[in-house]
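Observations on the three-dimensional arrangement
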Amino acid sequence: MKTKVIKVNPFHPDQEIIKEASDLILKGELVAFPTETVYGLGADATNSNAVRKIFLVKGRPPDNPLIVHIARHEEINEVAIKIPERVYELAKRFWPGPLTFILYRSQKIVDEVSAGLDTVAVRCPSHPVANMLIIQSGKPIAAPSANKSGRPSPTRADHVLEDFKGEIPLILDAGPTLYGVESTVIDMTKDPPVLLRPGAMPIEEVEKYIGEIVIPDFARGYGKYEGKALSPGMKYRHYSPNKPLILVEGENKVAVIKDLLKENPRSGLVLTKETATHFKDHKEMIIIGSKENLYEVAYNLFSSLRAMDKRNVEIIITEDVSEVGIGLAVMNRLRKAASKNIRA
Ligand code: AMP
Ligand code: MG
């Protein structure tokens, strides 16, 4: 299969291009498209065969469910049932945007999307291309991130091409995504609600409206979740470059990173600009932003891991940031991506 990459204006998407993409969705094909978080790999959420293709090309374990994307708030009533009142309040405040709710699933959404669970993940993305694609196809669109299972998520069209060249018919290229990490996923079937995955929407903002949200250890990126019904996505290795990634956390990280470099001079460093000042002479370095601006760090996170993976290094060394706001999402991704986590 030839993979077509079409450039599309992120603010004023060309109607013809959106039509070409939605025709593919309606034929049961896959389309990679930009959202404000990362690129998604989309299929018609009401078509089992189409949804199965997502799992097939991603190499995604069949028990890891997908997020259903809708274009207008009201469509939540078509994809979910028994929706608590506070979900409507949150939707009013935060949609369109990077916030996903786990709700009970309606008949309209096929089993494959939810990996057989009785729940469904729903979000309304704010990216104009995503929004227009959903409206034009007239279907809810099921989409995970558009990367091979286990790899860093794609924040640019060329990342998608890297993983899926020859395997999907179309990639819509609207340039780099705004946030660079996935949506925040909250289980709203529980009381109090439970954070399943921190993401681009800071949990502190959501708590202002509905009070305390439970943050389990696995949402911080620790350990492996062994259960079934909570968030199957927690079970698997995620977001990882091909080369071993060492995450160094804590106050003495500079000293520990220096020791690691002595042991293995052919290491690539992925650091904040503040920590990077201690390693000025080290050649293989990518700066992911300032620890004072965690949006910048999130924006550069996955693309930096992909870029360092391609350089002539044996291992990749990175560091922690504060777990405040979007920083919680950054730390969740780094802890899951790391093959080794050192407390310094
Ligand atoms: P991705 O699209 O690659 O960002 O993955 C979707 C995320 O949403 C994964 O972490 C899934 O485990 C989670 N998810 C999707 N549907 C459900 C659900 N019904 N229950 C719990 N977690 C879900
Ligand atoms: Mg993913």
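Right, let's walk through the structure included here. (Residues numbered from 1 in each chain as written. Chains lettered and ligands numbered in written order. Predicted model: local features only at pLDDT ≥ 70, side-chain atom pairs only at ≥ 80, totals over all residues. Heavy atoms only, no water.)

Observations concerning the side chain of D309
- Its location among the elements puts D309 in helix α11 (residues 294-310).
- Excluding residues within four positions of it along the chain, D309 makes contact with R151, P241, N242, K243 and I316. (Helix = DSSP H or I, 4+ residues; strand = E, 2+ residues; numbered from the N terminus. Contact = heavy atoms within 4.5 Å.)

Some thoughts on the sheet that holds strand β14 (residues 285-287)
- In space, the 5 strands of this open sheet follow the order β14-β13-β15-β12-β16, with parallel pairing throughout. Each of the sheet's edge strands pairs with one partner strand only, and the pair in question is β14 and β16 (340-343). On average, each strand axis in the sheet is inclined to that of its neighbour by 20°, with strand direction left out of account.
- With 3 bridges connecting them, strand β13 (residues 267-271) and β14 associate as parallel partners. Note on β14: the bridge partner recorded for V270 is I286.
- Running at roughly 150° to strand β12 (residues 245-249), helix α9 (residues 253-263) makes contact with β12, β13, β15 (315-319) and β16 of the sheet. (Pairing = 2+ DSSP bridges. Axes fitted to C-alpha atoms, helices over the stretch in contact; angles between N-to-C directions.)

Some details on unusual backbone geometry
- Put simply, W95 and P96 share a cis peptide bond, and its omega is -5°.
- For P96, the position within the fold is in the loop between α4 (85-94) and β6 (99-105).
- Of note, the amide linkage connecting D191 to P192 takes the cis form, showing an omega dihedral of 0°.
- Mapped onto the elements of the fold, P192 is located in the loop between β10 (184-187) and β11 (194-197).
- We note that A115 has phi near 55°; this positive angle belongs to a residue other than glycine.

Digging into the environment of L66
- Looking at the secondary structure, you find L66 in the loop between α2 (48-58) and β4 (67-69).
- Classification of L66 by relative accessible area gives buried; the value is 2%.
- Ignoring anything within four residues of it in the chain, the contact list for L66 reads V51, I54, F55, R60, V113, A121, A142, A143 and P144. (Buried < 20%, exposed > 50% of the residue type's maximum accessible area, 1.4 Å probe, protein only.)

Details of the packing of aromatic side chains
- Using the criterion set out here, one finds 4 aromatic pairs in the structure.
- Geometrically, the ring pair formed by W95 and F101 is tilted, given 5.2 Å between the ring centres and 40° between the ring planes.
- What makes F101 buried here is its relative accessible area of 0%.
- If you follow K82 out to its NZ or CZ, it ends over the ring of Y104, 4.5 Å from the centre.
- Sitting above the plane of the F94 ring, R93 keeps its charged end 4.9 Å from the centroid. (Phe/Tyr/Trp six-rings, centres within 6.5 Å; stacked < 30°, edge-to-face > 60°. Lys NZ or Arg CZ within 6 Å of the ring centre and 35° of its normal.)

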